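# Secondary and tertiary structure notes
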Amino acid sequence: MRVGRAEVGQRSETVHRANLSAIVRRLHERGPQSRSDLVAATGLTRSAIRGLVGELAAEGLVTEAEAVHLGTPGRPSPLVRLNATGAVVLTLEILVDSIAAAIVGLGGETLAHVRLDRPRMELSVDDVVADLAALAADLRGRGDWRIVGIGVAVAGIVRQADGMVSMAPNLGWIDVPLGARLARALSMAVPISSMNDADAGALGEHRRGAAVGVDNVVFISGEVGVGGGLILDGRLMTGAAGYAGEIGHLTVNPDGAPCRCGSVGCWETEIGERVLLARARHAVDEGREGIEAVLREAQAGSETALAAIDHVGRWLGIGIAGLVNVLNPRLIILGGPNGRLLPFIGARLDAELERFALRASRELVRVVPASLGIEAPMVGAAELAFDPLLNDPAAFFRGGSASVHLATA
Ligand SMILES: [Zn+2]
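Residues take numbers from 1 onward in each chain, read along the sequence in its written order. Per-residue local features are limited, in this predicted model, to residues with pLDDT of at least 70; the limit for side-chain atom pairs, both in listing and counting, is 80 or more; totals at the level of whole chains, interfaces and linings are taken over all residues. The side-chain figures draw on all heavy atoms in the structure; neither hydrogens nor water molecules are used.

## Describing the overall build of the chain
Helix and strand counts for the chain stand at 14 helices and 16 strands. Computation of the radius of gyration draws on C-alpha atoms alone. For the globule rule, the value is 2.2 Å times the number of residues to the power 0.38. For the chain, the C-alpha radius of gyration of 23 Å lies close to 22 Å, the compact-globule estimate for 409 residues. We call two residues in contact whenever any of their non-hydrogen atoms come within 4.5 Å of each other. By sequence separation, contacts in the chain at least 24 residues apart represent 65% of the contacts at least 6 residues apart. For the chain, the accessible area works out to roughly 18,300 Å², and carbon and sulfur atoms hold 51% of it. Charged residues are defined narrowly, with Lys and Arg counted positive, Asp and Glu counted negative, and His plus the chain ends left uncounted. To locate a charge, take atom NZ for lysine, CZ for arginine, CG for aspartate or CD for glutamate. Here the chain contributes 39 positive and 46 negative side-chain charges, whose respective centroids are spaced 8 Å apart. For helices the rule is a DSSP run of H or I covering at least 4 residues; for strands it is a run of E covering at least 2, with both sets numbered from the N terminus onward. In this description, accessible areas are obtained by the Shrake-Rupley approach with a 1.4 Å probe, and a residue is regarded as covered only by the protein chains that are shown.

See below:
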């Protein structure tokens, strides 16, 4: 079959775009690389890498440092690094007790960040959107940023495609078109991508935290609500519409307490921070400060605090055993306050896993705290917002034709 000249041109353009993507993604995920590293990683020729890196440098996305002699034979290879301000994303986070915004540079460096603690109460969408717009305006005023996308992490059940929040029980939100509301308030001609905060935490830990290089991971977030982010075979499992991973609403105790989702005995009602605080005889809305107080009391030997922590540890173990049996993960990451409990509950978790998890799967899994701490979802939101650029850097060249990707009007 004869291949037309136009078709050959199209194919070579596709290959060219894929090669640029491979280079930018590698630099973004691994940090600075020598040209020789890039040759080895991509299988492209030395001259092809030189040309592609030159294109990226002309667009301001990378810089090349002087070649350094390392005492190895052969010509030294220049070090290629991303220019953090060559392209940045705006990230926004809505949790029950705080909102946050950040400017994150290509390569993952946070260039500006602001977090605003808020009282724990059901929050009006108008207030949250206005506050986020104010934080964003503050950050945008701090530099001449080339913003290529916006990533939003929200403590609720959210549709990734358009940021429709189906339910955020602990914010008191039902069917809120958050993506569209933010697009109007921010009025920036770049795509907005939204995801659940636990999914964002999982993505953050997978790209830059405790789960780098691990392809089967369960991230368990936990503050007031308990969420889950599932990485299976290296990919975030989103389900049909992005609602997957709501492990906080697995029924574990049909005779248990009512849950804010409308059901009874959800996992959240046994391991959420309100349970810990109530059992440790603290007010249930004390939040992070209350959790720290309970940890101090446990450290000092308080039996009430230790019993409260053990209760959460037991139910964590029961739920984790079920997840281990279904998903066969290599790593379970405890985000939020539950990660802070780990030093106290290791033996309890082992005992419950011994009882309820299948041996073959149990022997492969480790339970660790989130290495990015409270910022894991913000890191994940940035990664989500960078994905269109990483997949096709050429589309962003020459003034950033990001509008071709515009998802939310
Ligand atoms: Zn529930």
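## Concerning the pairing of strand S9 (residues 164-168)
At least two DSSP bridges between two strands are required for those strands to pair. Alignment of strand S8 (residues 157-159) against S9, held across 3 bridges, turns out to be antiparallel. Pairing of Arg-159 across the sheet is with Met-164, part of S9. Two successive antiparallel strands, S8 and S9, enclose a turn made up of 4 residues, where Gly-163 displays a positive phi of approximately 70 degrees. Summarising the sheet, S9 and strand S10 (residues 173-177) pair through 4 bridges and their orientation is antiparallel. Residue Met-164 lies in a different strand from S10, and its bridge partner there is Pro-177. The turn joining S9 and S10, which pair antiparallel and follow one another in sequence, is formed by 4 residues; a positive phi near 80 degrees is taken by Gly-172.

## What to know about helix H13 (residues 376-391)
Here the expected length of a helix is defined as 1.5 Å per residue gap, with one fewer gap than residues. Over its 16 residues, H13 runs 22 Å from end to end, which matches the ideal 22 Å to within 8%, given 1.5 Å per residue. A residue's bend is the angle separating two fitted axes: one through the seven residues that end there, the other through the seven that start there. Along its length, H13 reaches its greatest deviation from straightness, about 35 degrees, at Ala-385, and the proline Pro-388 lies no more than four positions downstream. Between buried and exposed lies partly exposed: a residue is buried under 20% and exposed over 50% of the maximum accessible area for its type, with that area taken using a 1.4 Å probe on protein chains only. In terms of burial, H13 is largely enclosed, as 13 of its 16 residues are buried.

## Quick notes on the packing of helix H4 (residues 125-140) against helix H5 (residues 178-186)
The angle between two axes is taken between their N-to-C directions and runs from 0 to 180 degrees, where each axis is a line fitted to C-alpha atoms and a helix contributes only its stretch in contact. At a closest axis distance of 10 Å, the pairing of H4 and H5 adopts a crossing angle of 45 degrees. Taken together, the axes of H4 and H5 lie oblique to each other. In the crossing of H4 with H5, the sense of the turn from one axis to the other is right-handed. Counted together, Val-125, Asp-126, Val-129, Leu-132, Ala-133, Ala-136 and Arg-140 of H4 and Leu-178, Arg-181, Leu-182, Ala-185 and Leu-186 of H5 form the full contact between these two elements. Classifying every residue of the contact of H4 with H5 by side-chain character gives 9 nonpolar, no polar and 3 charged. In what follows, roughly perpendicular refers to angles from 65 to 115 degrees, roughly parallel to angles under 35, roughly antiparallel to angles over 145, and oblique to any angle outside these ranges. Crossing chirality is assigned from the near helix's rotation relative to the far helix, an anticlockwise turn below a right angle marking it left-handed and a clockwise turn marking it right-handed. Note on residue classes: Ala, Val, Leu, Ile, Met, Phe, Trp, Tyr, Cys and Pro are nonpolar, Asp, Glu, Lys and Arg are charged, and everything else, Gly too, is polar.

## Side note on the coordination of the zinc ion
Metal donors were taken as nitrogen, oxygen and sulfur atoms no farther than 2.8 Å from the ion, or 3.2 Å where the ion is Na, K or Ca. Water is excluded, so coordination may look unfinished. Coordination sphere of the zinc ion, protein contribution only: His-249 (ND1), Cys-259 (SG), Cys-261 (SG) and Cys-266 (SG), at 2.1 to 2.3 Å. Each label reflects the angles at the metal, where four donors whose angles all fall between 85 and 135 degrees are tetrahedral, four or six donors whose opposite pairs open beyond 155 degrees and whose other angles stay between 65 and 115 are square planar or octahedral respectively, and the rest are irregular. Every donor counted, the 4 donor atoms about the zinc ion form angles of 103 to 118 degrees at the centre, which fits tetrahedral coordination. The sequence motif formed by the donor residues of the zinc ion is H-x9-C-x1-C-x4-C. Here His-249 is found in the loop between strand S14 (235-236) and helix H7 (268-271), whereas its partner Cys-266 is found in the loop between S14 and H7, with 17 residues between them in sequence. The class for Cys-266 is buried, based on a relative accessible area of 0%.

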